[in-house]
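Structural characterization, general
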Amino acid sequence: MQFIDFKKEHFTHDEETNAYFIEIPKDEVDFGDIKVQEKKEDGTFAAANPELIDESTRITIRMETPADIRVSF
C-alpha cells in the first residue's frame, strides 16, 4: 500500500460551504480505494471521516477543519 501525506496548509478553503478540501488526480492514486487518516499530536495516525467525492478524474477530500492527513491507496 502506498500513501501521500498532506499538511493542513495544502487544504483550500471553500467560503460557500465554510469547509476545506484537497483535490487529488485519480491517476496519482491508481484509481483504487483510498483510506484517509488524520495525524495526531503524538505523530501517530488515526482514522478520519472526511467527505470523499469520487469523480471520474479526481477525488476530493472535504473536511470541516484542515488537518495533517495521510491518504493511503
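Just above, that's the structure.
Residues numbered from 1 in each chain as written. Predicted model: local features only at pLDDT ≥ 70, side-chain atom pairs only at ≥ 80, totals over all residues. Heavy atoms only, no water.

This next bit is on the pairing of strand E3 (residues 19-25). As paired elements, strand E2 (residues 12-14) and E3 share three bridges and run antiparallel to each other. Among the inter-strand pairings, Asp 14 is bridged to a residue of E3, identified as Ala 19. The turn linking E2 back onto E3 is made up of four residues, and Asn 18 within it adopts a positive phi angle of 55 degrees. (Pairing = 2+ DSSP bridges. Helix = DSSP H or I, 4+ residues; strand = E, 2+ residues; numbered from the N terminus.)

All right, on to the pattern of salt bridges then. Using the criterion set out here, one finds six salt bridges in the structure. Its salt-bridge partner being Arg 62, residue Asp 14 comes within 3.3 Å of it at the nearest N-O pair. Here Arg 62 lies in strand E7 (residues 58-63) and Asp 14 lies in strand E2, a separation of 48 residues in the sequence. Arg 62 carries the same exposure label as Asp 14, and that label is buried. Here Arg 58 makes a salt bridge to Glu 55, at a shortest N to O gap of 3.0 Å. Residue class for Glu 55 comes out partly exposed when judged on its relative accessible area of 31%. Each of Asp 14, Glu 51 and Arg 62 takes part in a single network of salt bridges with overlapping partners. (Salt bridge = Lys/Arg side-chain N within 4 Å of Asp/Glu carboxyl O. Buried < 20%, exposed > 50% of the residue type's maximum accessible area, 1.4 Å probe, protein only.)

Once that is clear, we can look at unusual backbone geometry. If you check the backbone angles, Asn 18 has positive phi at about 55 degrees while not being a glycine. Its location among the elements puts Asn 18 in the loop between E2 and E3. In this structure Asn 18 comes out as exposed when scored by relative accessible area, which is 52%.

Once that is clear, we can look at the sheet that holds E3. A sheet is described by the order of its strands in space; here four strands give the open sequence E2-E3-E7-E6, paired in antiparallel fashion. Here the strands that pair on one side only, and so sit at the sheet edges, are E2 and strand E6 (51-54). Each neighbouring strand pair of the sheet contributes to a mean axis angle of 30 degrees, computed without reference to strand direction. Bridge count for E3 against E7 is six bridges, and the pairing is antiparallel. Bridge pairing in E7 places Glu 23 opposite Thr 60. (Axes fitted to C-alpha atoms, helices over the stretch in contact; angles between N-to-C directions.)

Just distances and angles here, no functional claims.
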